[in-house]
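The lines below spell out each chain.
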Amino acid sequence: MNSISCDVLVVGAGLAGFTAAVRASEQGAKVLLIDKSHGELGDGNVLMASGSLRAGGKSPKTGAKELYDFVMSEGVGYPDLVKAWSETCGRAIGWLQTVGVEIEETAPGRIWLNQESEISYGPVYKKDVGGRALTSLKKQFLNLGGSYLNGSEGVRLIVENGCVTGLIAKQDGAEIELRAGATILATGGFSANPELVKKYIGAHADRCKLRGSKQDTGDGLRMALAVGAKAVNLKYFYGHLISRKALIDDRFWPYPRLDSFVDEGILIDRNGNRFVDEGRGDVAVANELARTNDVTGAALIFDFATWDAAKDDPFSKSVKTPAPNPWLMDNEGEIFHHETIEGLAQEIGVDTASLAKTVEAYNRAIQSNNASTLAVPRTGKPKQLEPPYYALKVVPGITFTMGGVLVNGRCEALNLDEKPIGGLYAAGDTIGGLMGGYRGGYTGGLMQAVVTGILAGENAATLQKAGLKIENRGSRIAIFHPLSSILAFEARLCSFENFCAFVLLAVKCLQFKRRPPLLCKVPTPPPLAGR
């Protein structure tokens, strides 16, 4: 088996992977970045992203405490990770600019990847803002001496003496051994793995439309779980309701988005009944539908005023995507309309009496300002539905999964006891602990990728900067660095100078306030030749 050695191995060449690779290289580490696709820029979600650099719906330059409180309010965030993310968002924007990624601010705090873009509207809508960002990162990475190896898929992690020391990858059908002092998993989530989607999101969630990269099959999650990592928040995903026509026609994903229809309308099942609080927002509603037994059986009900306003949809204007009106009507997107709610029910194949009862009760509650008394309470700013009425058959579109490998604020992968796994890091959509929750809990996919990529790259490279080998006849000693993953020393203390160097480095590690070094004894190596 062929073998390649490096200081830091990054698995997955998306935005998180390239970010981690560049940041580790800037610290002086010898970095190898691999990706299972054959693309020169990988094949991740960033290649179809709109380019919005938002942090929980806020500017990434927002104060750390405000960002922290916002994320923690969902109740599923892990404090150490959320704190590190909150404190790093602001400098992440500045760092992107220093490495050549073009940023623009269209309004105070509204920050984007440069929006000057070629746009393809079919068969699948794509912009090249993400590709240009990766091109800049890759150029910087190669200039720093990094190596990129595509067509290489991670198979399993190598574990020795309780620490991850690289992985076995498959390239052209043959296995290769990639040895590293630290390994960063940045392979994306598991949205493109139907079995994992069914296992973690919903029994019928595989019927959702994949609204992201086909490469996100959960490789990093699988490898991390195999070595004892803890995974959290696996039932949540980022995505939107999209036209059900997207299941058979690629022109209907990833856009147009239907947020305004959710905000101002109702979502019903095949029986004509509401089953979710639409006021929780489009992301949360899409999650709820994905967990039902009838993922493809729902329809949005709204009125002409909402449909007419969709011609000037603010999101569509800002990122130059098709607006719902007239795109859905012009392209036969399973949208229907009628002067009466009974007539609309017949158009979409729903029980007439049931839908009429649902809309009547809904309008009555809204009119009397008693939306909380509905069988399914309604929050937000609901409005009465007035004729003529519209209906759109919808399906959840999954962009990426929010749950994954639990990491701490240094992006070290944690075991079931929430202790760091030596030598293992995770970044981007591979991680869990930041996103998810009752109201969607979306903190921004691009910002999660950049921030955790920075944290993983910096901390994985820290041990290489202090790389010191000490020889000792009696034993090998491993010091777990409190800010990176593991400081590994092979050795044999055969001189007073080396012993002093060892003590000085141990004292330096102890100066970190978060956690003192953890000393662990590992097997004694064979005697040196000639001794």
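To be clear, the structure that these remarks concern was listed above.
If you're wondering where the values come from, they're calculated on a predicted model, not measured in any experiment. (Residues numbered from 1 in each chain as written. Predicted model: local features only at pLDDT ≥ 70, side-chain atom pairs only at ≥ 80, totals over all residues. Heavy atoms only, no water.)

Draft legend 1. Just the overall build of the protein, in detail. Tallying secondary structure elements over the protein gives 15 helices and 24 strands in all. Taking the intrachain contacts of the protein between residues at least 6 apart in sequence as the baseline, contacts between residues at least 24 apart amount to 70%. When the accessible surface of the protein is totalled, it reaches about 21600 Å², and 51% of it is carbon and sulfur. (Helix = DSSP H or I, 4+ residues; strand = E, 2+ residues; numbered from the N terminus. Contact = heavy atoms within 4.5 Å. Areas by Shrake-Rupley, 256 points an atom, 1.4 Å probe, with all protein chains shown as cover.)

Draft legend 2. Just the pattern of salt bridges, in detail. Under the counting rule described, the total for this entry stands at 28 salt bridges. With a shortest N-O distance of 2.7 Å, aspartate 69 and lysine 65 are connected by a salt bridge. Here lysine 65 and aspartate 69 lie together in helix 2 (residues 64-72), a separation of four residues that amounts to about one turn. Residue lysine 65 is classed as exposed on the basis of its relative accessible area, which comes to 61%. Connected through shared salt-bridge partners, Arg23, Glu26, Arg91 and Glu458 make up one network. (Salt bridge = Lys/Arg side-chain N within 4 Å of Asp/Glu carboxyl O. Buried < 20%, exposed > 50% of the residue type's maximum accessible area, 1.4 Å probe, protein only.)

Draft legend 3. Main features of the pairing of strand 4 (residues 110-113). Pairing of strand 3 (residues 103-107) with strand 4, which is carried by four bridges, proceeds in the antiparallel orientation. Note on strand 4: the bridge partner recorded for glutamate 104 is tryptophan 112. Linking strand 3 to strand 4, which pair antiparallel, is a turn of two residues; within it glycine 109 sits at a positive phi near 85°. (Pairing = 2+ DSSP bridges.)

Draft legend 4. Structural view of the environment of arginine 91. Residue position: arginine 91 is located in helix 3 (residues 79-98). The class for arginine 91 is partly exposed, based on a relative accessible area of 40%. Ignoring anything within four residues of it in the chain, the contact list for arginine 91 reads Ile454, Leu455 and Glu458.

Draft legend 5. View of the sheet that holds strand 18 (residues 404-406). Across the sheet, three strands lie side by side as 12-18-21; this open sheet has mixed pairing. Pairing within the sheet leaves two strands with one partner each, and these edge strands are strand 12 (231-232) and strand 21 (431-432). Pairing between strand 18 and strand 21: two bridges, direction parallel. Paired with valine 405 across the two strands is isoleucine 431, which belongs to strand 21. This element, helix 6 (residues 219-226), spans strand 12 and strand 18 of the sheet and lies at about 45° to strand 18. (Axes fitted to C-alpha atoms, helices over the stretch in contact; angles between N-to-C directions.)

Draft legend 6. Highlighting unusual backbone geometry. A cis amide bond, omega 0°, links tryptophan 253 with the succeeding residue proline 254. Between proline 387 and proline 388 the backbone carries a cis peptide bond, its omega angle lying at -5°. Of note in this structure, asparagine 233 is not a glycine but carries a positive phi near 60°. For asparagine 233, the position within the fold is in the loop between strand 12 and strand 13 (237-243). For glutamate 332, which is not glycine, the phi torsion reads 55° and is therefore positive. In this fold, glutamate 332 is placed in the loop between helix 11 (324-330) and strand 16 (335-338). Residue glutamate 332 is classed as exposed on the basis of its relative accessible area of 61%.

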